[in-house]
Amino acid sequence: MKKLEGLEWSGDEEKSKDDDLAEWPRPVPWRNIDAEGLDCDYALLFTQEEADSLFGRLETEVVYLTGHEARVQVFGKVHDIPRKQAVYGEPGLNYTYSGVTHCARQWTPTLEYIRDAVTKVTGQVFNFVLVNRYKDGQDHMGEHRDDERELDPLCPIASVSLGASRDFVFRHRDARGRGARRMEPVKLQLVSGSLLLMNPPTNTYWYHSLPRRRAVLQPRINLTLRRILSSEGKVGLMTRPPAPPPAKQALCSFETEDE
DNA sequence: TGGGGGGCAACTTG
DNA sequence: ACAAGTTGCCCCCC
Ligand SMILES: [Mn+2]
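All of these numbers come straight from a predicted model, not from anything done at the bench.

Looking at this structure, I do not really get the protein's contact with DNA strand C. What am I missing?
If you check the shell around DNA strand C, you find Val74, Phe75, His79, Pro82, Arg83, Tyr97, Ser98, His140 and Gly142 and nothing else. The share of sugar and phosphate among atoms of DNA strand C within 4 Å of the protein is 57%. The separation between a phosphate oxygen of DNA strand C and a polar main-chain atom of Ser98 is 2.9 Å. For the surface near DNA strand C, the per-class residue count stands at four nonpolar, four polar and one charged.

I tried to follow the UniProt feature "binding site: substrate" (unreviewed entry) in chain A on my own but got confused; where do I start?
The UniProt feature table records "binding site: substrate" (unreviewed entry) at Phe75, Gly76, Lys77, Tyr95, Thr96, Tyr97 and Asp147. With a sequence span of 73 residues, these residues are also far apart in the fold, their greatest C-alpha distance being 23.7 Å. Here Lys77 is to be found in strand β6 (residues 77–80). When you line up the elements, Tyr95 lands in strand β8 (residues 94–97). Note on Tyr95: relative accessible area 6%, which makes it buried. If sequence neighbours within four positions are ignored, Tyr95 has contacts with Val87, Val100, Thr101, His102, Phe128, Leu130 and Glu148.

Please clarify how the environment of Arg227 should be interpreted in this entry.
Assignment of secondary structure puts Arg227 in the segment after β17 (220–226). Contacts of Arg227, omitting those with residues within four sequence positions, involve Gln124, Val125, Phe126, Asn127, Glu150, Leu151, Asp152 and Cys155. Of the polar contacts made by the side chain of Arg227, one reaches the backbone oxygen of Val125; its length is 2.7 Å.

Explain the pattern of salt bridges here, please?
Should the charged atoms of two oppositely charged side chains come close, the side chains can pair. Scanning all chains against the criterion turns up 15 salt bridges. When the shortest N-O distance is used, the salt bridge between Arg115 and Glu112 registers 3.9 Å. One end of the pair, Arg115, and the other, Glu112, are both in helix α2 (residues 109–122), three residues apart, so they sit about a helical turn from each other. Both residues of the pair, Arg115 and Glu112, count as buried. Here Arg181 ties to Asp174 by a salt bridge, and the two come within 3.9 Å at their closest N and O atoms. Looking at Arg181, the relative accessible area reads 39%, which means it is partly exposed. Through salt bridges with shared partners, a single network forms among Glu36, Arg173, Asp174 and Arg181.

Where do I start with the sheet that holds strand β13 (residues 166–172) in this structure?
What holds strands together in a sheet is hydrogen bonding between their backbones, with the strands either parallel or antiparallel. Ordered by their spatial adjacency, four strands build an open sheet running β11-β16-β13-β14, and the pairing between neighbours is antiparallel. This sheet does not close on itself; its edge strands, each paired only once, are β11 (141–144) and β14 (186–190). Taken over all neighbouring pairs, the strand axes of this sheet differ in orientation by 15° on average, direction set aside. When β13 meets β14, the two strands line up antiparallel, connected through five bridges. By the bridge assignment, Val169 is partnered in β14 with Lys187.

How each quantity is defined
- Residues numbered from 1 in each chain as written.
- Chains lettered and ligands numbered in written order.
- Predicted model: local features only at pLDDT ≥ 70, side-chain atom pairs only at ≥ 80, totals over all residues.
- Heavy atoms only, no water.
- Near = heavy atom within 4 Å.
- Polar contact = N/O pair within 3.5 Å; in protein donor to acceptor, adjacent residues only side chain to side chain.
- Nonpolar A, V, L, I, M, F, W, Y, C, P; charged D, E, K, R; others polar.
- UniProt positions renumbered as here; feature names shortened; annotations may be inferred.
- Helix = DSSP H or I, 4+ residues; strand = E, 2+ residues; numbered from the N terminus.
- Buried < 20%, exposed > 50% of the residue type's maximum accessible area, 1.4 Å probe, protein only.
- Contact = heavy atoms within 4.5 Å.
- Salt bridge = Lys/Arg side-chain N within 4 Å of Asp/Glu carboxyl O.
- Pairing = 2+ DSSP bridges.
- Axes fitted to C-alpha atoms, helices over the stretch in contact; angles between N-to-C directions.

Have a look at this one:
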């Protein structure tokens, strides 16, 4: 695996064939989170020092969506998205959020490094990452499921946290709305350097959110690594426009937008 | 007692 | 039908 300057793991890099998932670069103790239809695994993947370093690198590397791409229109009203988002992955992949499709930028060295670390401890391969930056506890994310059609249903979603600790809440889909089943939400604290794996079928039955926490004053960066199937017709692999596109050619280009 | 935080159902339009 | 935020209300706590 590629090394990143200033982040030399003490473990030797030799690839024995029996390399199993146990050592990265030290063993990671997993905690399993279990409920009806919910299956997650949580581990401390990076030390605090490593996490600080990675956070700092991402702060200079990651290019977030700006301008109209940093807003969302729902029910006719325009809102600023209450966090910053960036989209990275294999060339051609894209991500649709509230009807707007964003093209993935090419992996940065730090994102590749984190991706490969997660692959090393999980054995899962990822081709896409959504970066969410929460500037403080006012930034948040509403309840939702990651139920996009183009996601590989067999691949867990891997969530890496860097920076401020934040609460993270799962709610069963049948526990929402009036006349809901009484089921306790499952609450976690995601600390800096942690990795949360959301295994199937978690995303079928459980919504998750990152609630507002007014006491949190520091920023947090979250990476959700995913595997997108490229063969889906609708989204996934963005194909060249069928004909030389007349006006809207800028759809899949990466021009900088005004702040 | 008042106000702040948090949970959550209700509401929002094209 | 379908989007993902905000708002309002209620409860708890200091
Ligand atoms: Mn999600």
